[in-house]
Structure formats: C-alpha cells, structure tokens
Amino acid sequence: MRIEQTAWRGEVPRITPRALPTNAAQDATNARLQSGDLETWRQYVATHMLATPAPVETIYLLKDVWLSWGGDVAVARGPVPGDTTYRTILAGPTVYSQPQLTTYAMATAGPEPYPATTRPLGVPAPVQHDTGSDFQVSFTAIDPVVSSGDELTTVTSYVYTYVNDIGQESAPSLPDSAYHHSFTYVSFPIYAPTAGGSYNALVLPIVPAGDAPYGIATARIYRAATGSTGTAFRFVAEVAVSAVSTTLYNDHLVDSQLGEVLISSLWDLPPDDLQGVLALPNGVMAGFSGNILCFSAQNYPHAWPVSYQLTTDTDIVGIGNIDTTVVVFTESFTYLAIGTDPAAYSMTKLETAHAGVSRRSIIPVLHVGVVGATPDGLLAVTGNGQVQNLTESIFTRRQWEALNPSSITAVEHDNIYFFAYDTGTVKGSFALDGSQSGFGLVPLGSHFSAAYANPIEDRLYFVPDQITPVVDAMLPVADTSPTPNGHTIYEFDPATATSAMTYRYRGKLNLMPRPVAFHFCQVKALDYVNLVLRLYGDGTLIYERVIASKEPFTLPMSDQYESFEFEVVGTSTVRTVRFGETIDELDESNP
C-alpha cells in the first residue's frame, strides 16, 4: 500500500481534508503551481518607495513614473489618436471633487508624490449673459458693418466654443441670432457676410474666473450655413480669449469659405462624482455615477454627453469590459451594456440577482470573463446569460463571507486573479486560476493595499502592507522576505530576484483502509537546495527530514496509523512524493 502525489493543485477549503482530490492541498501557501510541479514564486524586489504615506490604495505607472494615491482612484489612459502627452483620466470621489486630467508633463511638474498637477476633466461650455431686457446672449456684441449699396439676404446665427491649451473643445454656447451691442438687444436678425464687403463684428466676453482651472486658451467661432445636407454650424475662426479682456473678431467669410461642421453640440462635462473610468477598444471611455452608466464621445475622453447615459435600477458598484461590452455590477443585479457607437449602446439585465460589493475587485481575466466580488463568491461574466461563480466549489458561503468580500482589491496577471482581503482582524491574499485547467486557489503569505499589472512589460507590482513569511528552522536556506512599510512598490515574482519565497504545501488527509506503517519514502525534485519533508500519522508529527537527493530512504516507523498527511516546505521544485510499505511500491511503474 502506498500514498503518493504526482500532480499539484491548490486549496479547496470547502471540502473536508479527507475528501480532497489526490492532487489538492490543505495548505498551499506561496506555492506556484502553473507547471504541474510544486514550485515557488521568486522573492519580492523593491522597485520604488513612494512619497504617498501608507496606506497607499492606488498605483499607476505613467510612462516611467509612479502615480499614487491614499484613496481609491480609477486611472485610464485617454484614447486620443496620435496622443504623445500621455493624457490620463483620474476618477475617485474620495480623492477628487470632480474627475481630473493629467499628462506626463503635468504629473511630473513638481516633486513626488505624483501626479504633481492635475486639472478638472473636460471644458465647460460658454455661459449666456443677461442683457437687462429679458434676453440673454452669448456674445458681448454682434454688430453689422454693411458695405454701401450691399444687400443682406442670408439670415444666420453664431455660436462659439472654448478650447483649452491641449486642444480639447467644449460644447457650444447657445446661439445668438439677433444683432446686439454691449448686451443691449436689437430685434433684427443677423445676416451672413457678403461678397460685396459687408461683415459682422463679433465681441467675445472674458473667460469666467471660475473656468480658470480648465486651461481655456482660445474660442472657436461657428456660423450657421445651409448646404445640400441642411443647416449646420460651420467653423469661422479660432481666436485667443482671456479672463481680463474681451476679444474682437471681424467675420468676413462668405458661406462657401466656412470650414468643418461643429461636432461638439452634444458634449457635456462628466458628472462630478464619476467613478470607475476605463478605456474601451472603440475609442470610448466608460464610467459611472450613482445608477447612471456614462460614456464619452468617441476619441474625445474629455466629453461625456448626457444623451449617451444609461440607467440601472440600483446604484452601480463597478464596471469592467469584454471588448466593447461593458459589464455593470450594481447593488442588486448585473447588467451588460452592448454596442460600439456610444450614442447607441443598449442595456440588458441578467436574470438572476448578483450584487456587486467591491469596485476594486472587478477585473477582466482572459478566458474567464469580467470577475467581481459578490456576497456569494467571485462572479465571472462572459456574456448575456453566461455567468459562473468561480469560487462556488472552493469556498462555502460562510467561508466566503468571512473574507469580507467588500474589502477585496484585485489585479489580473498571466490569467491569474490575485486578490487581497481584510476582515478587520485578519489580512491575506490569494492567487486564483479559475480556468478549466487551472491550479485553483493558492494563498499568498502577504496582503497588498494596492496593485498594478504593467501590460507593456508584463510585470506585476504590489504595495504590500503585511508579509507573513513561511519560516522553518530546519531549512538550509533562511527566508528572505522583506519587511513592508505600506508605501513601497515591490515587483512580484521578478526575473531579477536573487532568492525565492518559501512555500508550505500539505497534501490531503489520507484515510487508510487498515492501519499501516510506511517504511520507505522517495522525493523526486528538480533540485534539493532547500527542502524539508514532514510526515504526520493520526495528526501527530512522526518524521521530518531535510531532503538532499532523490534516493529512497527508510522511515523509522514502528507503529501503525490509520491516517497520514505529508508536508513539504522550502524553495526547491518538487515533482513527486511517494510513501510505501515496501521499497517496490516507490516504483512509479507499479500500479
């Protein structure tokens, strides 16, 4: 009779140890199980100490500098064609009173912590001014200058937009369709300039002082003109504006000389409490405010038209995406927003209630779907009606609730879902491979408050605030885990590491059909640099040994036991472990 382990998988806490599959673990702390062997992760390597004090909740690598915050901030690069400034959108109501924009230059314009400088996202539309005669106007003045003998025939109107110093444009002002001067309203219509020399003198007001944070630099003037496709506002000119003086512009253009059509008619500022921003592959950004799902204009991440918004029955907790489809976790149901044109998205609600509980847990995982924490477990959504509870076979409902799923922070790397939890008294983290052939669940001997996966270099970074190493006095090589301070970024499993994390792996509880005394053991490993084996009989430690080679060895076992468990601790790569009553039973060719 023998017991053996020839394949290695993670933990399944919901199953009693005696009923575990042969290749499953009671304890797989720090075990790396991606190859089929028992391996370890490479040791953390410190990358950068942040100026943001602990606890750090959000980190983001912008080009070559680390942005960091002590609160929850959603960060996404703005999808702007040809952008070389690294325009980045920041949304976090606990940190910012309204969504922010930063660029590489802005972020690094001062000392750390970065970003050193941000500005409110978007550009506000020009406001109207009271004429004092129950009329409001957008321009300070629009006066006709009529050439002698010229006949004015084409009625028109004007609007203008604001443009900031990085080229972002606002929605237009309301149109002015009658001549007026110094806010004195005149009741005859505006006429378009003529080839005979008549023109319009336009005076734009000063930029309101309250708009100073938006970096408004110019205004674009548009005039209504009728063509083969109808009437539209077309570009006239772009002029400098300021907060100290009005701007005069004389419009001499006839309709055939006008430029492009105004595109920002529907644009709006984003909601002040916008959260969860992410960039979709169709050039659109998505976010949410309360129970409203918001979309930006395509390729214009500063513009968030109200007409694009969709609503859910309860407040949104967080969002993720599969291609251009947005998965929406709310406080009651999960929704899918499906489309490609931000003006034409439609919403469907999944039939079964699955409430989201943590925005920071919602992450897309390749071949699995958008994963997010719910009261029942980690829900994976791949499409309409395609929903799977990834942890249903791993945790009981009580075990899952005990992790306090609302505290979960997660990140995806190499198709593995890494998540940290905090019960208020216990902190920890797991690596979960939820794919069909994945290794399952592995606990990591640490807790991280922030995480970032760098898609460009395929590297994973944590800000650990607690590391509980596996320490064993028998190991030839001592553990080398760092002592975290809660505001230093470490790379996880880095290629540059010179040491490894110590794992602890305890296999299933093997109930024997009769009392047994094993007399022989063999451990086959890739190396034997740092490996300890322990054997437990009926729950008591009966043998321990530093394993130095693949040679079989005898076990000084005089008593018989009804149950056995083995444990290996170390950093060496283990392939198989076998125990037998006779030495022939160690031969893997024997059934």
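Summarised in this report is the structure supplied together with it. Sequence order as written defines the numbering, with residues in each chain counted from 1. Only residues with pLDDT of 70 or above have their local features reported here, since the model is predicted, and side-chain atom pairs are shown and tallied only from 80 upward, although totals for entire chains, interfaces and linings are computed over all residues. Only hydrogens and water are removed before side-chain values are computed, so all heavy atoms of the structure are retained for them.

So, the pairing of strand β37 (residues 427–433)
Piece 1. Only protein chains enter the accessibility calculation, which uses a 1.4 Å probe; a residue whose area is less than 20% of its type maximum is buried, one above 50% is exposed, and one in between is partly exposed. Strands here are runs of E lasting at least two residues and helices are runs of H or I lasting at least four, both read from the DSSP assignment and numbered beginning at the N terminus. Most of β37 sits out of view: 6 of its 7 residues are buried.
Piece 2. We call two strands paired when DSSP finds no fewer than two bridges between them. If you look at the hairpin formed by strand β36 (residues 416–422) and β37, you'll find 4 residues sitting between the two strands, and G424 has a positive phi there, around 100°.
Piece 3. In terms of strand pairing, β37 meets strand β38 (residues 440–444) through 5 bridges, oriented antiparallel. Looking across to β38, one finds that F430 is bridged to P443.
Piece 4. Connecting β37 to the antiparallel partner β38 that follows it, the hairpin turn spans 6 residues.

Here's the deal with the packing of aromatic side chains
The way to describe two aromatic rings as a pair is by their centre distance and the angle between their planes.
Piece 1. Working definition: rings of Phe, Tyr and Trp (its six-membered ring) pair if their centres are within 6.5 Å, and the pair is stacked with planes under 30 degrees apart, edge-to-face with planes over 60 apart, and tilted otherwise. The full count for this structure, using the stated rule, is 32 aromatic pairs.
Piece 2. Taken together through their ring pairs, the aromatic side chains of W8, Y505, F518, Y561, F564, F566 and F579 make up a single cluster.
Piece 3. Seen from the ring of Y104, K63 lies directly overhead, with NZ or CZ sitting 4.7 Å from the centre.
Piece 4. Over a ring means this: the NZ of a Lys or the CZ of an Arg is within 6 Å of the ring centre and within 35 degrees of the ring normal. When the ring centre of Y536 is taken as origin, the NZ or CZ atom of R506, which lies over that ring, is 4.0 Å away.

Quick word on the sheet that holds strand β11 (residues 119–120)
Piece 1. Across the sheet, which stays open at both edges, the 4 strands sit in the order β8-β9-β10-β11 with antiparallel pairing between neighbours. Pairing within the sheet leaves two strands with one partner each, and these edge strands are β8 (74–77) and β11.
Piece 2. As paired strands, β8 and strand β9 (residues 88–91) are joined by 4 bridges and run antiparallel to one another. Note on β9: the bridge partner recorded for A76 is I89.

Examining the pattern of salt bridges
Piece 1. When a carboxyl oxygen of Asp or Glu is within 4 Å of a side-chain nitrogen of Lys or Arg, the pair counts as a salt bridge. Enumeration over the complete set of coordinates arrives at 28 salt bridges.
Piece 2. Put simply, E169 and R220 hold a salt bridge, and the shortest N to O gap is 2.9 Å. With a gap of 51 residues between them, E169 in the loop between β16 (158–164) and β17 (178–181) and R220 in strand β20 (residues 216–227) connect regions that are remote in the sequence.
Piece 3. What makes E169 buried here is its relative accessible area of 7%.
Piece 4. The buried category is assigned to R220, whose relative accessible area is 18%.
Piece 5. In this structure, the salt-bridge partner of E567 is R506, at a minimum N-O distance of 3.5 Å. Here the residue E567 occupies a position in strand β48 (residues 561–570), and R506 occupies one in strand β42 (residues 503–507), the gap between them amounting to 61 residues. Residues E567 and R506 agree in their burial class; the two are buried.
Piece 6. Here the salt bridges do not stand alone but share partners, grouping D472, R506, R534, E544, E565 and E567 into one network.

Here's the deal with the environment of W69
Piece 1. Among the secondary structure elements, W69 is positioned in strand β7 (residues 65–69).
Piece 2. A relative accessible area of 5% places W69 in the buried class.
Piece 3. Separated by 67 residues in the primary sequence, W69 and R2 have C-alpha atoms spaced 55 Å apart.
Piece 4. Setting aside residues no more than four positions away along its own chain, W69 makes contact with T52, V56, E57, T58, Y60, V75, L90, V95, Y96 and P115. Whether two residues are in contact is decided by their heavy atoms, any of which lying within 4.5 Å being enough.

Regarding the environment of L586
Piece 1. Among the structural elements, L586 can be located in the segment after β49 (574–580).
Piece 2. Owing to a relative accessible area of 4%, L586 belongs among the buried residues under this scheme.
Piece 3. Along the backbone, L586 and P113 are 473 residues apart, and their C-alpha atoms lie at a distance of 59 Å.
Piece 4. Residues in contact with L586, not counting those within four places in the same chain, are R2, F520, C521, Q522, P552, R578, F579 and G580.

Quick word on the sheet that holds strand β39 (residues 446–454)
Piece 1. If you trace the 4 strands from one edge of the open sheet to the other, you get β5-β41-β40-β39, paired in antiparallel fashion. In the strand order of this sheet, the two ends are held by β5 (45–49) and β39, each with one partner. Sheet twist, expressed as the mean angle between neighbouring strand axes with direction ignored, is 35°. Inter-axis angles, ranging from 0 to 180 degrees, are taken between N-to-C directions of lines fitted to C-alpha atoms, where helices are fitted over the stretch in contact.

Concerning unusual backbone geometry
Piece 1. Put simply, A54 and P55 share a cis peptide bond, and its omega is 0°.
Piece 2. A positive phi angle, close to 60°, is found at Y86, a residue other than glycine.
Piece 3. With respect to the element layout, Y86 can be found in the loop between β8 and β9.
Piece 4. Of note in the backbone geometry, D493 takes a positive phi value of approximately 50° without being a glycine.
Piece 5. Note on placement: D493 falls in the loop between β41 (488–492) and β42.

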